[in-house]
Amino acid sequence: MNKSIDILGNVVNFLFVALIFLIILAITFKLTLKNYNVKTNKVKFYGLFLGMNNRSILSFSLLTLNYIFLIWATATFSGLNYIYILIMVFFMIGSDIVSKMYKRIPVDLLFCAINSLCIYVSSMIYNYLIDKHTSIFLLIILGLVIIFIFLYFTYITFKLLNNIVINQEILKKKNYKRL
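Source: prediction; values computed, not measured.

J.: Explain the nonpolar core here, please?
T.: Burial of nonpolar side chains together is a common tendency in soluble globular proteins. In terms of nonpolar packing, the biggest core is built from 31 residues, with F69 and F153 touching the most fellow members. Secondary-structure elements contributing two or more residues to this core are α1 (2-32), α3 (54-76), α4 (82-98), α5 (105-131) and α6 (136-166). Filtering out sequence-adjacent residues up to four positions away, F69 remains in contact with F14, Y84, I87, M88 and F91. Residues F77, L129, L138 and I146 belong to the second largest nonpolar core, which totals 6 residues.

Take a look at the structure:
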C-alpha cells in the first residue's frame, strides 16, 4: 500500500511539473509572439498550428505530454513501475488513435518499451551510485547516459510530431515531403 501511495504522489508531482511547464511555455509564447510581423519567422510558428485540425492538435499535445513525462521520469530517478508504463502507452497509443494512424501502434509500442528501458537503466545506475559504490567514473557515466537518453527522447518525439504534421491535408495537396 505504501508503494502505491508513493507512485500516486510521483504522478501528482508530474502533473504539477507539467502544469508549471505549460504555464511557462504559454507566458513565453505570449511575450515573444505578441507583436509579430507578417514578414518574420514568428508567423511560421503560428502556421504550424493554423493548418491543423482538432484531432492533430490533440495528438500533437499527447506526444508533447509524453515527452514531458519521459524527461520528468528520467530526471527524478524514480524508477519504473506499471503506472509509468501505462501512462506512456496511453499517451503514445492515444496519439495514434486520435490522429487515426493505426498502423503506427506496433512501432509506438516498441518505442514505449525502449523508453521504459531507458528510464530503468538511468534509475538503476543512479541507485547503484547512491547505495553501493560512489565514484566519479560512475557519475560521469550517469551524466553521459542521461544526455543520450534526453537526446533520444527528443529525436523520437520530433519524428513522431513530424509524422502528425505530414498527415495534414494542406501539406498533402502541396506534395510536402518528409524531412
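J.: Can you walk me through the pattern of salt bridges in this structure?
T.: Side chains carrying opposite charge are able to pair once their charged atoms draw close together. Enumeration according to the criterion identifies 1 salt bridge in this entry. Taking the shortest distance from any N to any O, the salt bridge between R104 and D108 comes out at 3.4 Å. Overall, the relative accessible area of 21% leaves R104 in the partly exposed class.

J.: Even after reading the chapter, I still don't get the packing of aromatic side chains, so can you show me in this structure?
T.: Given two aromatic rings, their pairing is described by the distance between the two centres and the angle made by the two planes. All chains considered together, the criterion is met by 6 aromatic pairs. Relative to F91, the ring of F90 has its centre 5.8 Å away and its plane inclined at 50 degrees; by these criteria the two rings are tilted. With a centroid separation of 5.9 Å and 50 degrees between ring planes, the pair formed by Y152 and F153 is classed as tilted. There is no split in this pair, since Y152 and F153 are both buried. Taken together, F69, W72 and Y84 form an aromatic cluster joined through their ring pairs.

Conventions adopted
Residues numbered from 1 in each chain as written. Predicted model: local features only at pLDDT ≥ 70, side-chain atom pairs only at ≥ 80, totals over all residues. Heavy atoms only, no water. Core = buried A, V, L, I, M, F, W, Y, C linked by side-chain atoms within 4.5 Å. Buried < 20%, exposed > 50% of the residue type's maximum accessible area, 1.4 Å probe, protein only. Helix = DSSP H or I, 4+ residues; strand = E, 2+ residues; numbered from the N terminus. Contact = heavy atoms within 4.5 Å. Salt bridge = Lys/Arg side-chain N within 4 Å of Asp/Glu carboxyl O. Phe/Tyr/Trp six-rings, centres within 6.5 Å; stacked < 30°, edge-to-face > 60°.

These values are about where atoms sit, not about what they do.
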